[in-house]
Every structure is written in structure tokens, then in C-alpha cells.
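# Chains, contacts and geometry: an overview
Here is how the chains run, residue by residue.
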Amino acid sequence: MRGNLVVAAIAVAGILFCFSGTGQAQEKEKAAAKKIAIRAGRLIDGKNETATTNALILIEGDRIVSVSAGGAAPAGVEVIDLSKATVLPGFVDAHTHLLLNGDITAEDYDVQLLKQSIPYRAILSARNARIALEHGFTTMRDLETEGAMYADVDVKNAIADGEVPGPRMQVATRAMTPTGMYPLLGYSWELQVPKGVQYVDGVEGARKAVREQVMYGADWIKYYSDRRYHFEADGVLHSMVNFTDEEAKAIVDETHRLGKKAAAHAIGSDGIAAALRAGVDTIEHGDGLTDALIDEIVRKGVYWVPTITVGAYVAPGRGGNWTKMVDLEKAAFQKALKKNVKIALGTDAGGFDWKEVNQAKEFGYYVNYGMTPMQAIRAGTVVPAELLGWSDKMGTIEAGKWADLVAVIGDPLKDITELERLKFVMKGGAVFKNDVR
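Since the model is a prediction, treat every value here as computed from it, not as a measurement.

## Observations concerning the pattern of salt bridges
Any two side chains of opposite charge can pair, on the condition that their charged atoms come close. The full count for this structure, using the stated rule, is 24 salt bridges. Between lysine 335 and aspartate 291 there is a salt bridge whose closest N-O contact spans 3.6 Å. Placement of the pair is lysine 335 in helix 10 (residues 322–338) and aspartate 291 in helix 8 (residues 291–300), with a sequence separation of 44 residues. Given the relative accessible area of 39%, lysine 335 is considered partly exposed. Given the relative accessible area of 37%, aspartate 291 is considered partly exposed. Several salt bridges share partner residues, and in doing so they unite Arg207, Arg211, Glu254 and Arg257 into one network.

## Regarding the layout of surface pockets
Over the atoms rolls a probe the size of a water molecule, and its path tells where empty space is left. In this structure, the largest pocket encloses a volume near 860 Å³. Around the largest pocket, the lining comprises 37 residues; the ones closest to its centre are Asp103, Tyr182, Pro183, Tyr229 and Arg318. Elements with a contribution of two residues or more to the lining of the largest pocket: helix 2 (106–115), strand 10 (220–224), strand 11 (226–231), helix 9 (308–318) and helix 10. Partitioning the lining of the largest pocket into residue classes produces 16 nonpolar, 10 polar and 11 charged.

## Regarding the packing of aromatic side chains
The relation between two aromatic rings is expressed through the spacing of the ring centres and the mutual angle of the planes. Counting across every chain of the model gives 13 aromatic pairs. On the numbers, 4.5 Å between centres and 45° between planes, the contact of tyrosine 182 with tyrosine 224 is tilted. With tyrosine 182 in the loop between strand 8 (176–177) and strand 9 (198–199) and tyrosine 224 in strand 10, this pair connects stretches of sequence that are 42 residues apart. In this structure, tyrosine 182 and tyrosine 224 share a single accessibility class: buried. Pairing phenylalanine 333 with tyrosine 366 gives two aromatic rings, centres 5.2 Å apart and planes at 35°, and the pair type is tilted. One end of the pair, phenylalanine 333, is in helix 10; the other, tyrosine 366, is in helix 11 (residues 361–368), and 33 residues separate them in sequence. In this structure, phenylalanine 333 and tyrosine 366 share a single accessibility class: buried. Taken together, the ring pairs in this structure connect Trp304, Phe333, Tyr365, Tyr366 and Tyr369 into an aromatic cluster. Across the ring face of tryptophan 220, the terminal group of arginine 141 is positioned such that the distance to the ring centre comes to 4.5 Å. For arginine 168, the ring lying beneath its charged end belongs to tryptophan 402, and the centroid distance is 3.8 Å.

## With respect to the side chain of histidine 265
The topology assignment puts histidine 265 in strand 13 (residues 261–266). Those residues in contact with histidine 265 that lie beyond four places of it in its chain are Lys222, Tyr223, Tyr224, Ser225, Asp226, Tyr229, Glu284 and His285.

## Quick notes on the sheet that holds strand 7 (residues 168–171)
The strands making up a sheet associate through hydrogen bonds between their backbones, and the pairing can be parallel or antiparallel. Reading across from one edge, 5-6-7 is the order of the three strands in this open sheet, with parallel pairing throughout. Each edge of the open sheet carries a strand with a single partner, namely strand 5 (91–96) and strand 7. Averaged over all pairs of adjacent strands, the angle between strand axes in this sheet comes to 15°, irrespective of strand direction. Alignment of strand 6 (residues 137–142) against strand 7, held across four bridges, turns out to be parallel. The residue bridging aspartate 142 from the neighbouring strand is valine 171, located in strand 7. Lying on the sheet, helix 4 (residues 151–160) is in contact with strand 6 and strand 7; it crosses strand 7 at an angle near 160°.

## Topic: helix 7 (residues 269–278)
The element helix 7 is largely enclosed, with a buried count of seven among its 10 residues. Ser269, Gly271, Ile272, Ala274, Ala275, Leu276 and Ala278 are the residues of helix 7 that are buried. Just past helix 7, the residue glycine 279 takes up positive phi, approximately 95°.

## Focus on the side chain of glutamate 418
With respect to the element layout, glutamate 418 can be found in the loop between strand 17 (405–408) and strand 18 (424–427). For glutamate 418, a relative accessible area of 15% puts it in the buried group. Residues within four places of glutamate 418 in sequence aside, it is in contact with Val408, Ile409, Gly410, Asp411 and Pro412.

## A closer look at the pairing of strand 17
The alternating pattern of strand 17 places Leu405 and Ala407 on one face and Val406 and Val408 on the opposite face, and all of these are buried. Note: strand 4 (residues 78–89) against strand 17, four bridges, orientation antiparallel. Its bridge partner being in strand 17, valine 87 is matched across the sheet by alanine 407. Relative to strand 18, strand 17 runs antiparallel, the two being bridged by three bridges. Looking at the pairing, leucine 405 lines up with methionine 426 of strand 18.

## Considering the packing of helix 5 (residues 202–215) against helix 6 (residues 245–257)
Each pair of packed helices can be summarised by the angle the axes make with each other and by the distance between the axes. The contact between helix 5 and helix 6 brings their axes to 8 Å, and the two run at 30°. It follows from the interaxial angle that helix 5 and helix 6 lie roughly parallel. The element helix 5 and its partner helix 6 pack so that their crossing is right-handed. Residues Gly202, Val203, Ala206, Arg207, Val210 and Arg211 of helix 5 touch helix 6, and the partners they reach there are Glu246, Glu247, Ala250, Ile251, Asp253, Glu254, Thr255 and Arg257. Its residues assigned to classes, the contact of helix 5 with helix 6 shows five nonpolar, two polar and seven charged.

## Considering empty space enclosed by the protein
The tally for this structure, following the rule as stated, stands at one cavity of 30 Å³ or more. The computed volume of the largest cavity comes to approximately 50 Å³. If you go around the largest cavity, the residues you meet are Pro89, Gly90, Thr138, Thr139, Met394, Gly395, Thr396, Trp402 and Asp404. A breakdown of the residues in the lining of the largest cavity according to their chemical character gives three nonpolar, five polar and one charged.

Rules used in this analysis
- Residues numbered from 1 in each chain as written.
- Predicted model: local features only at pLDDT ≥ 70, side-chain atom pairs only at ≥ 80, totals over all residues.
- Heavy atoms only, no water.
- Salt bridge = Lys/Arg side-chain N within 4 Å of Asp/Glu carboxyl O.
- Helix = DSSP H or I, 4+ residues; strand = E, 2+ residues; numbered from the N terminus.
- Buried < 20%, exposed > 50% of the residue type's maximum accessible area, 1.4 Å probe, protein only.
- 1 Å grid on protein atoms, 1.4 Å probe; cavity = no way out; pocket = protein on both sides within 12 Å on 5 of 7 lines; lining within 4 Å.
- Points joined across faces, edges and corners; volume = space filled by probe spheres on them.
- Nonpolar A, V, L, I, M, F, W, Y, C, P; charged D, E, K, R; others polar.
- Phe/Tyr/Trp six-rings, centres within 6.5 Å; stacked < 30°, edge-to-face > 60°.
- Lys NZ or Arg CZ within 6 Å of the ring centre and 35° of its normal.
- Contact = heavy atoms within 4.5 Å.
- Pairing = 2+ DSSP bridges.
- Axes fitted to C-alpha atoms, helices over the stretch in contact; angles between N-to-C directions.
- Parallel < 35°, antiparallel > 145°, perpendicular 65-115°, else oblique.
- Left-handed = near helix turned anticlockwise from the far one by under 90°.

Structure (C-alpha cells):
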């Protein structure tokens, strides 16, 4: 009798599972079949140098089906009227820290690691992801959790599963430095305090750390190439290099062997040079870029993610060389622009409070530093799509790409700050914000 009950229970469970599975499949099929037409007053598609007027974008499910100038929407298709707006590809921030909320002083940083649990920080990171999406950032590369272990992988998965709203994510988990070269530092040796990174020593230790991070979900491997930024008599911003060349090369080689990419925090000229010797894919920050290093970046096809917003934000509070470093980065940016360095937009959001600064402010810095508005827009759409290896899926508005779209009322080609006043956000064919009136 008991055996029959077990068999019956299993049968009922199987039937319920089938109905549930069928229902879920039908819902997905229904969502996939949804068709939308967007009428754009102006369209900046990321491909052409000028905007297209009166464009029609047809979307089915999460993909763009077609883009045309003029034309009428097919019968029975939902129409979103953005005829008074400028439509652009969704923005990409290639350098963020979802699990951090401000890092001007050591105290700002320490209190988060000492007084906030990882689950609490993960909750805040979900909030930050929503803020980023509302500001038009439909994709982000998050470059370490700052002591929150592998929680970025959880946030990425929760977004992908539709549990919380947020951008598409690529993540770097814990980041790496040699022992003793990243906070928390300065506490009694009797206390075991949290660490903001994974300590890694030696060539074998480097390879093992890369394998571990990839095992737990890292899309990128990030390491700190340098620290202690200072100026010397030659007027160049120098730094102390963290890893030996052998260790850094082991990190990058193992990363590439496992099919991933490597990013290096490198601010001073010495740290940048060391990262380039190691073969990294991206240089983060790069304030101390010299003419020779810029030439090397171009020769190797490395991307530069300058993160201007965070430097300008933290400099007044940090003092010392930081204000001079911001000015130095402006000069480096202008030189890099002339030499066609691949510059991808990144803000280092998390280094500033997500609630206080709109990431789209970075676009304005690029224009102020010499880019045309169109170049700045491409730096925040097309170029980071290439950096992420997703050019076939995003970065431009054309058939076959994800339906990741944003819109503003004004013309960002005339006033780039329009991108800080976003009125419409669509990610994967779903509207997350529509304040267009």
C-alpha cells in the first residue's frame, strides 16, 4: 500500500511538473512572440555618423527585426511613440563595482567591509543595478566585489533569471594582489579582518587563483598592477608595481588559456608598463599614460577604460596628488584620442555612491576632453560591446541585435548632457522606463 502511495505521489508530481513546465514554456513563447514597433523622431544607431529622422524599429521578443527610415508599423503591432525623442543603443559601463557604495576615504571603504554583511551588500547591489538600468545602462562589466567574494555572480544570475531588474552583466569576482598590498590594512595583527581582494603569491598561486575564480563564475580576471602613485623629477606619474612580471604573466596566460579576458588596475606609468608586458586585454584608469605607453597600447590593440568620473569625484576628498592626476589623465586622454586608442566608457561606479552621481556624466567628460558627441556615444556603446565580445549582440541598433534601447527628448549631438536626462529604457524588448510625454 505504501509503495502504491509513493508511486501515486510521484505520478501526481510528474503531472504537476508537466503542467508547470508547459505553462512556463507557453509564457516564454508568448513573450518571445510579442511584437513592438518604435517610432523614433531621431535615431542614433551607433553605425552612421549622423542621426536618422523618423525611423521605425521593429522588435520581436528580445531582438530587433528591422530598422527603416519612415514606413508604417504592421497591423496589430504595439506601437511606442518616441517621435519627439532621440533613440540610441543602450549604454555600457565597462568598469563598475555593484557591491560598493562610495570610496573617497579609507573609512568609507573599511566600514562597508567591517559593518555590512555580504548578504546586505548584495541587497544594496541589486538596488544599484536597478539605478544603473534606469539611467540607461543596459550592460555593465563589474570589476570585483571588494571583499564580497562571489556575490557579483549571484547578482548577475538573478538579473539574467528575471528575479531583479538590472543590466546584462559580465563580472570579475574577487580581483587579485600579492599579500599585504590591498585593504583592509593597518589593523592589529591579532585581528582577522576582511580583505578587499584575493591575496595571490607566486606563479603557481596565480594560476590556482585564476582557476578558482573562473570555477565560481568569473567572466573576467582583474588584478591590481600597481599602488603608491607619485610624481618624480621627470614629471611622469610613477607607481610601485605589485606583482613580479612572472606572476602577472601567469595570471594573464592562465586567464587566456581558460578562454577569459584580463583587466589590470594600472594608474602609474610603471604599473601600466607592467600590465602591458603581461599581455592584459584592458587598462583600467591609466592616468599615467605616456606617449610611449600609448603607442604600445595601440600596437597591442589593448582597450583603455579611463574612469574619469570617479577620479574627479574622489580627488577633493583624497587630496595629495589626486587633483594633479585628474589633470594628467585629461592630457593623456587627448593624446590617446589622436592616436586612435580604443577608449571604452567606464565610470568606476561604486567608487562614488550610486545614488549621488549619474554614470552618464562620463559622456560629458569625454566631450570636454576632445571627443565629438558621436565619438563619446560610440565609446559608451559600440566600443565596449567589442571589448566584451558581444558586438554581434549589442552596441548598435540593427536587425539581429538585442532590443536594448534608450531615448532622450533633446539632441545629444548638440548637448551631450542630454544623456543624463534619460526618458526611456528598453532592455531585451521589455520597457523598464517610459517618461516620454
